[in-house]
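Structural characterization, general
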Amino acid sequence: MVHAGIIIYGAENIPAVARFYRDYIASAPEELGAFLGFHQGPPVPFLPEEWHGKAVCVVVGMWTGDPAEGDARWQPFLEAAPVAGSMVGPMPYPALNVAFDGLNPKGMQGYWKANFLRELNDGAIAAHAQFGATVTSMNTAVHVYPIDGAVSRVAVEDTAFAHRDMKFSPVIATQWPDPADNEANIAWARAYAAALAPHSEAGGYINFMDSEDQNRVADNYGPNWEKLVSVKAKYDPDNLFRVNQNIPPR
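Attention here is on the structure that accompanies the text. (Residues numbered from 1 in each chain as written. Predicted model: local features only at pLDDT ≥ 70, side-chain atom pairs only at ≥ 80, totals over all residues. Heavy atoms only, no water.)

**Remarks on the pairing of strand 6 (residues 141–146)**
Put simply, the rule is: Criterion used throughout: strands pair if DSSP finds at least two bridges between them. A run of DSSP states H or I qualifies as a helix once it reaches four residues; a run of E qualifies as a strand once it reaches two. Both are numbered from the N-terminal end.
One ladder, built from three bridges, connects strand 2 (residues 32–40) with strand 6; its direction is antiparallel. Looking across to strand 6, one finds that G37 is bridged to H143. Pairing of strand 6 with strand 7 (residues 168–176), which is carried by six bridges, proceeds in the antiparallel orientation. Each bridged residue has a counterpart across the sheet, and for Y145 the counterpart in strand 7 is S169.

Following this line, the structure appears as structure tokens:
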């Protein structure tokens, strides 16, 4: 069991919520984990119907410390801006983990972009406010994940993942049902990523890369790239495992 928080605000509150989230998560104990997100309002029981399909800002996460502290840990988010809908309380972790799976049915079209942020500065927040207010479909999810806690206590060279000094990992996970809408959705995701680019570092979380991002793979692994190339050359010299963000052997 965890003490979950799913809090939804109107998109007009994105700047205020994002600034509050940035400051709160920086000082929160490790028992609290949460991401900032931008969606269209989902048809869930705790969100009034008037918000369904409208652009919204969300904070989703969990408190894993003393259950008696759970409500108090989430209360600041309920006061950060006017709340459109919320669900705060004890929940099995697996239930929270799959809470939004219904918004991702099989057969969707998809196009993703990602980067790393050393800080969620006001410029990045302005980009999120601009594009978060125009989310293209009920299936699209833009999430800003924090990178902190145990991640920062592992040395850069100890694993393939090198960007342990970053603070946030945003992903623009654009999804939609109709192939006729491909061009418009892809253009939206590219424009969003371009707006974030001046505030971003090289690379992005590898699982968030799309097929056209092969030229960014070396940036994703940073100083560990050459070591990974040598490992690839030793164990997979013919590049059998290549249907991915590939590290080619040489």
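**A short note on the environment of W188**
Where we set the bar: Remark: exposure states derive from per-residue accessible area (1.4 Å probe, protein chains only) relative to the maximum for the residue type, with buried under 20%, exposed over 50%, and partly exposed in between. By definition in these notes, contact holds between two residues if any of their heavy atoms fall within 4.5 Å.
When you line up the elements, W188 lands in helix 5 (residues 182–196). Under the relative-accessibility criterion, W188 is labelled buried at 9%. Between the alpha carbons of W188 and T174 there is a distance of 8.6 Å; along the sequence they are 14 residues apart. Once residues within four sequence positions are removed from consideration, W188 is found in contact with F131, T134, V135, T136, T140, V142, I172 and T174.

**Considerations on the environment of I7**
With respect to the element layout, I7 can be found in strand 1 (residues 2–10). In sequence terms I7 and F46 are 39 residues apart; their C-alpha atoms lie 9.6 Å from each other. Sequence-distant contacts of I7, defined by excluding residues within four places in its chain, comprise C57, V58, V59, W74, F77, L78, V83, G85, S86 and V88.

**As for unusual backbone geometry**
Even without glycine at this site, N239 takes up a positive phi of about 60°. Of note, N239 is situated in the segment after helix 7 (225–235).

**Notes on the sheet that holds strand 6**
Basically, it comes down to this: Note on geometry: axes are lines fitted to C-alpha atoms, helical ones only across the stretch in contact, with angles between N-to-C directions running from 0 to 180 degrees.
With antiparallel pairing, the seven strands of this open sheet are ordered in space as 4-1-3-2-6-7-5. Every interior strand has two partners, whereas the edge strands, strand 4 (83–91) and strand 5 (109–114), have only one. Neighbour-to-neighbour, the strand axes of the sheet open up by a mean angle of 15°, direction not taken into account. Note: strand 2 against strand 3 (residues 55–63), nine bridges, orientation antiparallel. If you follow L36 over to strand 3, its bridge partner there is V59. Of the strands in this sheet, strand 1, strand 2, strand 3 and strand 4 touch helix 2 (residues 70–79), which is tilted by about 10° from strand 1.

By themselves, these are just geometric observations and shouldn't be taken as functional.
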